[in-house]
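Here are the chains, one letter per residue:
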Amino acid sequence: MNNQHTIYRQASFLVSAAKLEQTPPDSGFEVAFAGRSNAGKSSAINVLCDQKSLARTSKTPGRTQLLNFFALDEQRRLVDLPGYGYAKVSVNIKQDWQGSLAQYLEQRQCLRGLILMMDVRHPLKPYDRQMLEWAKHIQLPVHVLLTKADKLKRGPATNNLLKVQKELTEMSADFSVQLFSSLKRQGIAEAHQVLDRWFNLD
């Protein structure tokens, strides 16, 4: 099991793309990470790869406009998608990167699944629902990480998990969900299992 997970530890930054034509060749396996700008996306990528600053946890919206690719090996890549719902970006820029995000999700043949981050305290916001509807429409598997699980006591966290689980089941798509905390390193093994499956490692 551990040898398998060294693949995440060897993740390295590959390229940032503003447009689809700047992305790496569409072959092999990719798993994309999406979520609201404050859902803890970069922290989750760093923890899953056991690296401190692989994905920059940036305070500025600049980096969020790009698709950031990280190579695990010759065949497998993680993709950090632009955070959505960021208020301080101009409308033109926002439309621009939402365009490239849409193109990427719809046209990328090697995309195996989407890890969708939601703050456990405020899950299923309108943007999250939009993302799920879209994934269902293009038949893309989604695994939801309810991040910042350390911010809630176990009872409320579990309640929110069950609520989200129920909604995802009702959408009758290939969706799953778990609790996750980058700070407490909670839920890493569970998330790795999903990644392993999508990356064809198991």
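Description of the structure in this document.

Rules of the game
Residues numbered from 1 in each chain as written. Predicted model: local features only at pLDDT ≥ 70, side-chain atom pairs only at ≥ 80, totals over all residues. Heavy atoms only, no water. Helix = DSSP H or I, 4+ residues; strand = E, 2+ residues; numbered from the N terminus. Buried < 20%, exposed > 50% of the residue type's maximum accessible area, 1.4 Å probe, protein only. Contact = heavy atoms within 4.5 Å. Areas by Shrake-Rupley, 256 points an atom, 1.4 Å probe, with all protein chains shown as cover. Core = buried A, V, L, I, M, F, W, Y, C linked by side-chain atoms within 4.5 Å. Salt bridge = Lys/Arg side-chain N within 4 Å of Asp/Glu carboxyl O. Phe/Tyr/Trp six-rings, centres within 6.5 Å; stacked < 30°, edge-to-face > 60°. Expected span 1.5 Å × (residues − 1). Arc of directions from axis to C-beta. Pairing = 2+ DSSP bridges. Axes fitted to C-alpha atoms, helices over the stretch in contact; angles between N-to-C directions.

### Structural notes on the overall build of the protein
1) Next: Counting its secondary structure elements, the protein contains six helices and seven strands.
2) Next: Along the protein, helices and strands appear, N-terminal first, in the series α-β-β-α-β-β-α-β-α-β-α-β-α.
3) Next: Here the protein holds 202 residues, and 49% of them are scored as buried.
4) Next: Within the protein, counting contacts between residues at least 6 apart in sequence, those at least 24 apart form 76% of the total.
5) Next: Only carbon and sulfur atoms are counted for the fraction: they give 49% of the accessible area of the protein, which is about 10,200 Å².

### Here we look at the nonpolar core
Note that soluble globular proteins tend to have their nonpolar side chains buried in a common cluster.
1) Next: Residues Leu 81, Tyr 104, Leu 105, Leu 114, Leu 116, Leu 132 and Leu 146 are the most contacted members of the largest nonpolar core, which totals 34 residues.
2) Next: Mapped by element, the contributors of at least two residues to this core are strand 2 (29–35), strand 3 (67–71), helix 3 (91–107), strand 5 (111–119), helix 4 (126–137), strand 6 (142–147), helix 5 (154–170) and strand 7 (175–179).
3) Next: Excluding residues that lie within four positions of it along the chain, Leu 116 makes contacts with Ala 34, Gly 35, Tyr 84, Asp 128, Met 131, Leu 132, Val 142, His 143, Val 144 and Leu 145.
4) Next: Listed in part, the 27 residues of the second largest apolar core include Ala 11, Ala 39, Ile 45 and Met 117.

### Topic: the pattern of salt bridges
1) Next: Scanning all chains against the criterion turns up nine salt bridges.
2) Next: Note that Arg 121 and Asp 119 form a salt bridge whose closest N and O atoms lie 2.8 Å from each other.
3) Next: Three or more residues are tied together by salt bridges with common partners; here these are Arg 9, Asp 50 and Arg 185.

### Focus: the packing of aromatic side chains
1) Next: Tallied over the entire structure, the rule returns three aromatic pairs.
2) Next: Where Tyr 8 meets Phe 199, the ring centres are 6.5 Å apart and the plane angle is 45 degrees; that geometry is what we call tilted. Of this pair, Tyr 8 sits in helix 1 (residues 2–9) while Phe 199 sits in the segment after helix 6 (188–198), and the two are 191 residues apart along the sequence. Like Phe 199, Tyr 8 is buried.
3) Next: When the centroid spacing of 6.2 Å and the interplanar angle of 80 degrees are considered together, the rings of Phe 69 and Tyr 104 count as edge-to-face. Of this pair, Phe 69 sits in strand 3 while Tyr 104 sits in helix 3; the two residues are 35 residues apart in sequence, bridging distant segments of the chain.

### Points about helix 4
For an α-helix, the turn length of 3.6 residues means that residues three or four places apart are oriented alike.
1) Next: Across its 12 residues, helix 4 extends 16 Å between first and last C-alpha, which sits within 8% of the 16 Å expected from 1.5 Å per residue.
2) Next: Listed as buried for helix 4 are Asp 128, Met 131, Leu 132 and Ala 135. Across the axial projection of helix 4, the buried residues extend over an arc of 95 degrees, all falling on one side. Among the exposed residues of helix 4, those pointing more than 90 degrees away from its buried face are Pro 126, Gln 130 and His 137.
3) Next: One or two steps after helix 4, the chain reaches Gln 139, where phi turns positive at roughly 55 degrees.

### As for the environment of Phe 175
1) Next: Note on placement: Phe 175 falls in strand 7.
2) Next: Phe 175 gets classed as buried once you look at its relative accessible area, which sits at 12%.
3) Next: For Phe 175 and Gly 113, which are 62 residues apart along the polypeptide, the C-alpha to C-alpha distance reads 9.8 Å.
4) Next: In contact with Phe 175, not counting residues within four places along its chain, are Leu 132, Ala 135, Lys 136, Leu 140, Val 142 and Leu 168.

### Observations concerning the sheet that holds strand 3
Each strand in a sheet pairs with another by means of backbone hydrogen bonds, the pair being arranged parallel or else antiparallel.
1) Next: Spatially, the seven strands line up as an open sheet ordered 1-3-4-2-5-6-7, and their pairing is mixed. A single partner strand is all that each edge strand has here, and the edge strands are strand 1 (12–17) and strand 7. Going across the sheet, the axis of each strand differs from the next one's by a mean of 25 degrees, ignoring polarity.
2) Next: The strands touched by helix 2 (residues 41–48) are strand 2, strand 4 (76–80), strand 5 and strand 6; relative to strand 2, the strand with the most contacts, the crossing angle is about 140 degrees.
3) Next: With respect to the sheet, helix 5 is in contact with strand 6 and strand 7, its orientation differing from that of strand 7 by roughly 175 degrees.

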